[in-house]
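What the coordinates show
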Amino acid sequence: MAMTAEHAVDALAATQPATTAAVLAAARRALAVLGDAAALDAELLLAAATGRTRASLLAFPERGVPAVAVRALEALIARRAGGEPLAYLLGVREFFSLDLEVNASVLVPRPETELLVEAALARCARLVQPAVLDVGTGSGAIALAVKSERRDAQVTGVDTSAAALAVARRNAVRLGLAIRWLESTWFSAVAGEAFDVIISNPPYVHSADVVGALVHEPRQALDGGPDGLDAYRELLRDAPAHLRAGGALLLEHGADQRDALAALAAATGWRVVRALDDLAGRARVLELERGIA
């Protein structure tokens, strides 16, 4: 019978002093439910618990681990084995080469969302001081990535969550990036304003699919309604009033949603300019403009 996360590290804690190698072995066993990720996660969590680097842990396996660090690791392992995202436990996530603070108030930035940033930068390439709006900014990942590459861009990030915006603001200050952050339900805080590019990675998971590990992330950032398209209906309806002439709406979507989203866009007066797939070959981003194809 598999040892639980708590029991695996408890057994180790009872045999102090414990070596780094022994602690890592126990942590890997406790995280076996993660499969191939168990070894790396164990190393990263022990690094967090001890304040040492991962490289140091691997270079000095004979070094002792204090009991207080083992107890801290035990708590982290219990949470990770329960499905909590590693990024929340470490408090940081890399996105577009930026180290971002993350916590349970924000969605964990995904690598595939970098495609949305690339599409926005391509759209801005020939513009001087482009005005960019990130709707549902969360940790600020998309807005910050765009601003880091285009310092002349006038970037605004909006979100309904004050807690999420607090994270975004801290990220911006630490990275030295000037972005306007507004608490807003969709476009409510930017009434009368227009932008060259509107970007959004909105909630698009079917309500019934917000299960498993996803329950640890903010539901409002994931739940797109019964068919996963509720947020897109809002965006497609209201975005035209906030786009400058020749502007574009860039949307991330689920791998199985492209056809439905394209049809919804066409029915509301949009045309698809580009449809982009992520590095895994999955449908991921639509670039839309107003007008009939």
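Structure shown above.
So, a few notes on the structure that sits alongside this text. Predicted, not measured: the structure shown is a model, and the values here were computed from it.

1. A closer look at the overall build of the protein
Each helix and strand in the protein was counted, giving 11 helices and 11 strands. Expressed as lengths along the three principal axes of its C-alpha atoms, the size of the protein is roughly 70 × 40 × 30 Å. Each of the 293 residues in the protein was classed as buried or not, and the buried ones make up 50%. Partitioning the contacts of the protein with sequence separation of at least 6, the portion at a separation of at least 24 is 62%. For the protein, the exposed area adds up to about 13,100 Å²; of that, 56% sits on carbon and sulfur atoms. The averaged location of the 35 negative side-chain charges in the protein is 4 Å from the averaged location of its 29 positive side-chain charges.

2. Quick word on the pairing of strand β8 (residues 195–200)
Burial analysis of β8 places 6 of its 6 residues in the buried class, which makes it a mostly covered element. Here 5 bridges tie β8 to strand β9 (residues 243–252), and the two strands are oriented parallel to one another. What sits directly across from Phe 195, in β9, is Leu 243. In the classification by handedness, the crossover that spans β8, the intervening helix α10 (residues 230–238) and the parallel β9 is right-handed.

3. So, the packing of α10 against helix α11 (residues 258–267)
Running from N to C, α10 and α11 point in directions that differ by 30°, and their axes come no closer than 10 Å. Between α10 and α11, the angle is such that the two are roughly parallel. Note on packing geometry: the crossing formed by α10 with α11 is right-handed. Taken together, the residues of α11 that come into contact with α10 (itself represented by Tyr 232, Arg 233 and Leu 236) are Leu 261, Leu 264 and Ala 265. Tallied by class, the residues present in the contact of α10 with α11 amount to 5 nonpolar, no polar and 1 charged.

4. Topic: the environment of Ile 198
Here Ile 198 lies in strand β8. For the pair Ile 198 and Arg 244, spaced 46 residues apart in sequence, the C-alpha separation works out to 10.0 Å. Sequence-distant contacts of Ile 198, defined by excluding residues within four places in its chain, comprise Leu 133, Val 135, Phe 187, Ala 239, His 242, Leu 243, Ala 248, Leu 249 and Leu 250.

5. Examining helix α7 (residues 114–124)
For α7, the tally of buried residues reaches 8 of 11 residues, placing the bulk of the element in the interior. Of the residues making up α7, those classed as buried are Leu 115, Leu 116, Val 117, Ala 119, Ala 120, Leu 121, Arg 123 and Cys 124.

6. Comments concerning the pairing of strand β4 (residues 98–101)
Residues Leu 98 and Leu 100 point to one face of β4 and are all buried, whereas Asp 99 and Glu 101, pointing to the other face, are not buried. From the end of strand β3 (residues 92–95) to the start of β4, which pair antiparallel, there are 2 residues, and Phe 96 there has a positive phi angle of about 55°.

7. Some points on the packing of aromatic side chains
Going through the model one piece at a time under the given rule, you end up with 1 aromatic pair. Ring geometry for Phe 95 against Phe 96: centres 6.5 Å apart, planes inclined by 40°, an arrangement best described as tilted. Neither residue differs from the other here; Phe 95 and Phe 96 are each classed as buried. Above the ring of Phe 60, the side-chain terminus of Arg 63 is found at 4.5 Å from the ring centroid.

8. Points about the packing of helix α3 (residues 38–50) against helix α5 (residues 67–81)
For the pair α3 and α5, the least separation of the axes is 9 Å and the interaxial angle reads 135°. Classified by the angle their axes make, α3 and α5 are oblique. Between α3 and α5 the crossing geometry is right-handed. Facing α3, whose interface residues are Asp 41, Leu 45, Leu 46, Ala 48, Ala 49 and Thr 50, α5 presents Ala 69, Ala 72, Leu 73, Leu 76, Ile 77 and Arg 80. Of the residues contributing to the contact of α3 with α5, the split by class is 9 nonpolar, 1 polar and 2 charged.

9. Concerning the pattern of salt bridges
One pass over the structure, following the stated rule, counts 22 salt bridges. Its salt-bridge partner being Arg 54, residue Glu 43 comes within 2.6 Å of it at the nearest N-O pair. Of this pair, Glu 43 sits in helix α3 while Arg 54 sits in helix α4 (residues 54–59), placing them 11 residues apart in sequence. The exposure class of Glu 43 is buried, given its relative accessible area of 7%. What makes Arg 54 partly exposed here is its relative accessible area of 37%. With a closest N to O distance of 2.8 Å, Asp 152 and Arg 150 form a salt bridge.

10. Here's the deal with the nonpolar core
Counting residues in hydrophobic clusters, the biggest one holds 31 residues, and the most contacted among them are Val 117, Leu 144, Val 146, Trp 181 and Ile 199. Element by element, the count of residues in this core is highest for α7, at 7 residues. Aside from chain neighbours lying at most four places away, what touches Leu 144 is Leu 98, Leu 100, Ser 139, Asn 171, Ala 172, Leu 175, Leu 177, Ile 179 and Trp 181. Counting 24 residues, the second largest nonpolar core, distinct from the first, contains Ala 131, Tyr 232, Leu 261 and Leu 286.

Definitions and limits used
Residues numbered from 1 in each chain as written. Predicted model: local features only at pLDDT ≥ 70, side-chain atom pairs only at ≥ 80, totals over all residues. Heavy atoms only, no water. Helix = DSSP H or I, 4+ residues; strand = E, 2+ residues; numbered from the N terminus. Buried < 20%, exposed > 50% of the residue type's maximum accessible area, 1.4 Å probe, protein only. Contact = heavy atoms within 4.5 Å. Areas by Shrake-Rupley, 256 points an atom, 1.4 Å probe, with all protein chains shown as cover. Lys, Arg positive; Asp, Glu negative; His and termini not counted. Charge placed at Lys NZ, Arg CZ, Asp CG, Glu CD. Pairing = 2+ DSSP bridges. Right-handed = clockwise from strand over helix to strand, strands pointing away. Axes fitted to C-alpha atoms, helices over the stretch in contact; angles between N-to-C directions. Parallel < 35°, antiparallel > 145°, perpendicular 65-115°, else oblique. Left-handed = near helix turned anticlockwise from the far one by under 90°. Nonpolar A, V, L, I, M, F, W, Y, C, P; charged D, E, K, R; others polar. Phe/Tyr/Trp six-rings, centres within 6.5 Å; stacked < 30°, edge-to-face > 60°. Lys NZ or Arg CZ within 6 Å of the ring centre and 35° of its normal. Salt bridge = Lys/Arg side-chain N within 4 Å of Asp/Glu carboxyl O. Core = buried A, V, L, I, M, F, W, Y, C linked by side-chain atoms within 4.5 Å.

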